[in-house]
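# Structural characterization, general
Each chain, written out:
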Amino acid sequence: MATAMAMATVMATAMVPMVLERWRRASGAERPPAIVRDVLDAAASSERWARLSASSVGIALTCLTLPAQAEKWQIVPTIAVNETLTNNVFLDSSNPTSDLVTAITPGISIDGKSGRANLRLTYGLTQNLYARESSSNNRQNALTAIGTLEAIEDWLFIDATGTISQQYLSAFGKVSPSTANIDNNRTETSSYSISPYIKGRSLFSTEYLLKYTASTTSSKSNLASDTTTNQWLGRIAGITPLTAVTWSLDASRVSTDYSSPFSRDRDDTRYGVTLAYRFSPQLQVSVTGGRETTNLVSLQDETHGDSGFGLVWTPSSRTKLEASTTRRFFGNSYQVAFSHRMPKSLVSYIASRNVSYQPQGVGNTGQGSNYDAYYAIIAASNPGLAPDAIRAQVIQVLQDRGVPADGTVVNGFLTNRPTLQELQQLSLAMLGVRNTVTLTATQSEQQPLGVLNGATDDFSLSNRTQQRGVGLVWGHKLTGFSSLSMSLNAQRSIGFTAGSPETKTQGAYVLFTTRLSPQASANVTARRVISDNSGGSGLVNTGYTESALTGGLSYRF
């Protein structure tokens, strides 16, 4: 661990004067703002980086963006009003309560681009008002933001992200069909990160990267631990006299602090070397070797050897397979990604086994799995189309067919410690003239890394938890302004310890949407959800049934 930290500190110390010198050349200013100097000086010390507050780094990012001139900014305020009539607002198994829920959501979306900076942000604040259960009135935030700044041309970059979302506390608790339902198994969770990094090319065509990421995650529930993570990543890569052979040296360190009194801080440091050989333009293989020092499973640091191999196979422009496996302290880790594209459809499969610190939804700033699939289909069918034009077509397809941008069918849950996660996901997307079909199947297994004495969570009930989910969405374009979509989904959570709980949730949804004007749209949704809970001696029954009808209006200013 000390070796990797020393490498990172030496690299950072050497790079800071270069950053300051390049700032002078790029901006013409003798010295950058004080807060920027503080951030850069802190890079020379890993301890100072760990103490550096997210707000200080955020101020530095703001100062650095000041010289950037916006070339294209789209700022769109929005307002949405939804009325939901449900026969079980509390999702109760024995005493269902009907209610009429009014949800008012003002929001804003920002899509900005300049020569050296870009920002994509969507934010909404929902006020839920309950006609009968007014004491349950609540507000919910939703945020997805990602920004990138090229502070010094082709060398110094800063990435920043922010998300606010609803996350589940337990895999065996209620799975809520809507944020209008009152569910004590769900909590608002915020995640923010900032990543300054340098990358470039030095002598002999050697590429280098040095990146630091500070992130923080917090929730409104005291059942979930807040976390703060500091991560260093360094990489040097180059070629050899044999043009088919490439090499890289990699080093990383992850430190995670937990706020729970039952949790402890975790550290993991890795460094190694990779050699790759390209047999042909279609096939490349690689071997890796290195060392890993960690306290993820023990109170003291343990050092283990790493070794593995990988391949990248691209038999055609429509098919690609990437796979790698590494022997680590917990056994074999692996990463597999396969995709095959046909003229109007895409099949993809991913599988992984690795350490996880948070569920997938926390900190996720992607556009969604369905968005990504249709982007790939449309981009391949229109090779000369600009990215912005492709994006506009994808959004139009999703809106015209009533298809959600995200096809997630397994929600995950918050944990108070790192876990070993095995994930598999198979997805299919088909795009027709008037119809679309998306199918997603996911399986996720998690087990804790290390023991927490006194902690009460899902792993207190079962040392291994499995979640399976499947979702099918059919979207049909009725007219140039209206669409009809139907979706079916099912999710199952089980434990592998005798007497552990099992939860099953199934839902059916019908959605009608129509555009009233270029800025206004309306929708009507009907749903039926059935949830069943069994096992888990002494646990509260979380099964329920619910039927609901929702009508909504939205307007983009």
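Note that this is a predicted model, so its numbers are computed, not measured.

## A look at the pairing of strand β15 (residues 345-356)
Of the strand pairs in this sheet, strand β14 (residues 331-342) and β15 are connected by 9 bridges, and their pairing is antiparallel. Directly across from Arg 341, in β15, lies its bridge partner Leu 346. Between β14 and β15, which follow one another and run antiparallel, lie 2 residues. Relative to strand β16 (residues 419-431), β15 is paired through 12 bridges, and the arrangement is antiparallel. Note that in β16 the partner of Ile 350 across the bridge is Gln 425.

## Quick word on the side chain of Thr 319
Within the secondary structure layout, Thr 319 lies in strand β13 (residues 319-328). One polar contact links Thr 319 to His 340, side chain to side chain, over a distance of 2.6 Å. Residues contacting Thr 319, with those up to four places away along its chain left out, are Trp 313, Thr 314, Phe 338, Ser 339 and His 340.

## So, the nonpolar core
Ranked by size, the top nonpolar core spans 15 residues in total, and within it Leu 149, Trp 155, Leu 156, Ile 194 and Ile 198 carry the most contacts. Secondary-structure elements contributing two or more residues to this core are β4 (138-152), β5 (156-168), β6 (186-201) and β7 (207-219). Looking at which element gives the most residues to this core, the answer is β7, with 4 residues. Among the nonpolar cores identified, the runner-up in size contains 14 residues, and Tyr 371, Ile 378, Val 394 and Leu 398 belong to it.

## Quick notes on the environment of Phe 204
Position of Phe 204 relative to the elements: it lies in the loop between β6 and β7. Take Phe 204: its relative accessible area is 76%, and that puts it in the exposed class. Spatially, the C-alpha atom of Phe 204 lies 8.2 Å from that of Ile 239, the residues being 35 residues apart in sequence.

## Notes on the packing of aromatic side chains
Going through the model one piece at a time under the given rule, you end up with 6 aromatic pairs. Here the aromatic rings of Tyr 212 and Trp 232 are separated by 5.2 Å at their centres, their planes lie at 50°, and the arrangement is tilted. With Tyr 212 in strand β7 and Trp 232 in strand β8 (residues 227-239), this pair connects stretches of sequence that are 20 residues apart. By relative accessible area, Tyr 212 is classed as buried at 3%. Between Lys 199 and the ring centre of Phe 157, over which it is positioned, the NZ or CZ distance is 5.1 Å. Over the face of the ring belonging to Tyr 197 we find Lys 211, whose NZ or CZ atom lies 5.1 Å from the ring centre.

## Overview of the pairing of strand β17 (residues 435-448)
Here 13 bridges tie β16 to β17, and the two strands are oriented antiparallel to one another. Bridge assignment links Gln 424 to a residue of β17, and that residue is Gln 443. With antiparallel pairing between neighbouring strands as the criterion, β16 and β17 make up a hairpin whose turn holds 3 residues. Examined bridge by bridge, β17 and strand β18 (residues 465-477) share 12 bridges and lie antiparallel to one another. Residue pairing across strands places Ser 444 opposite Gln 467, the latter belonging to β18.

## Some remarks on helix α5 (residues 369-381)
When the terminal C-alpha atoms of α5 are compared, their 19 Å separation across 13 residues agrees well with the 18 Å that a helix rising 1.5 Å per residue should span. Every buried residue of α5 is accounted for by Asn 370, Tyr 371, Ala 373, Tyr 374, Ile 377 and Ile 378. Viewed along the axis of α5, the buried residues span an arc of 165°, placing them on a single side of the element. For α5, the elements touching its buried residues are β15, α6 (387-401), β16 and β17.

## Let's talk about the pattern of salt bridges
For the structure on display, the rule yields 17 salt bridges. Each member of the salt-bridge network shares a partner with another, and the members are Asp 268, Arg 270, Glu 292, Asp 306 and Arg 328.

## Quick look at empty space enclosed by the protein
As enumerated under the stated definition, the model contains 3 cavities of 30 Å³ or more in all. In this model, the second largest cavity occupies a volume close to 40 Å³. Lining of the second largest cavity is provided by Thr 189, Thr 217, Ser 218, Ser 219, Ala 224, Ser 225, Asp 226, Gln 358, Leu 414 and Thr 415. Among the elements that take part in the lining of the second largest cavity, β7 stands out by supplying 3 residues, more than any other. For the lining of the second largest cavity, a count of residues per class yields 2 nonpolar, 7 polar and 1 charged.

About the cut-offs
Residues numbered from 1 in each chain as written. Predicted model: local features only at pLDDT ≥ 70, side-chain atom pairs only at ≥ 80, totals over all residues. Heavy atoms only, no water. Pairing = 2+ DSSP bridges. Helix = DSSP H or I, 4+ residues; strand = E, 2+ residues; numbered from the N terminus. Polar contact = N/O pair within 3.5 Å; in protein donor to acceptor, adjacent residues only side chain to side chain. Contact = heavy atoms within 4.5 Å. Core = buried A, V, L, I, M, F, W, Y, C linked by side-chain atoms within 4.5 Å. Buried < 20%, exposed > 50% of the residue type's maximum accessible area, 1.4 Å probe, protein only. Phe/Tyr/Trp six-rings, centres within 6.5 Å; stacked < 30°, edge-to-face > 60°. Lys NZ or Arg CZ within 6 Å of the ring centre and 35° of its normal. Expected span 1.5 Å × (residues − 1). Arc of directions from axis to C-beta. Salt bridge = Lys/Arg side-chain N within 4 Å of Asp/Glu carboxyl O. 1 Å grid on protein atoms, 1.4 Å probe; cavity = no way out; pocket = protein on both sides within 12 Å on 5 of 7 lines; lining within 4 Å. Points joined across faces, edges and corners; volume = space filled by probe spheres on them. Nonpolar A, V, L, I, M, F, W, Y, C, P; charged D, E, K, R; others polar.

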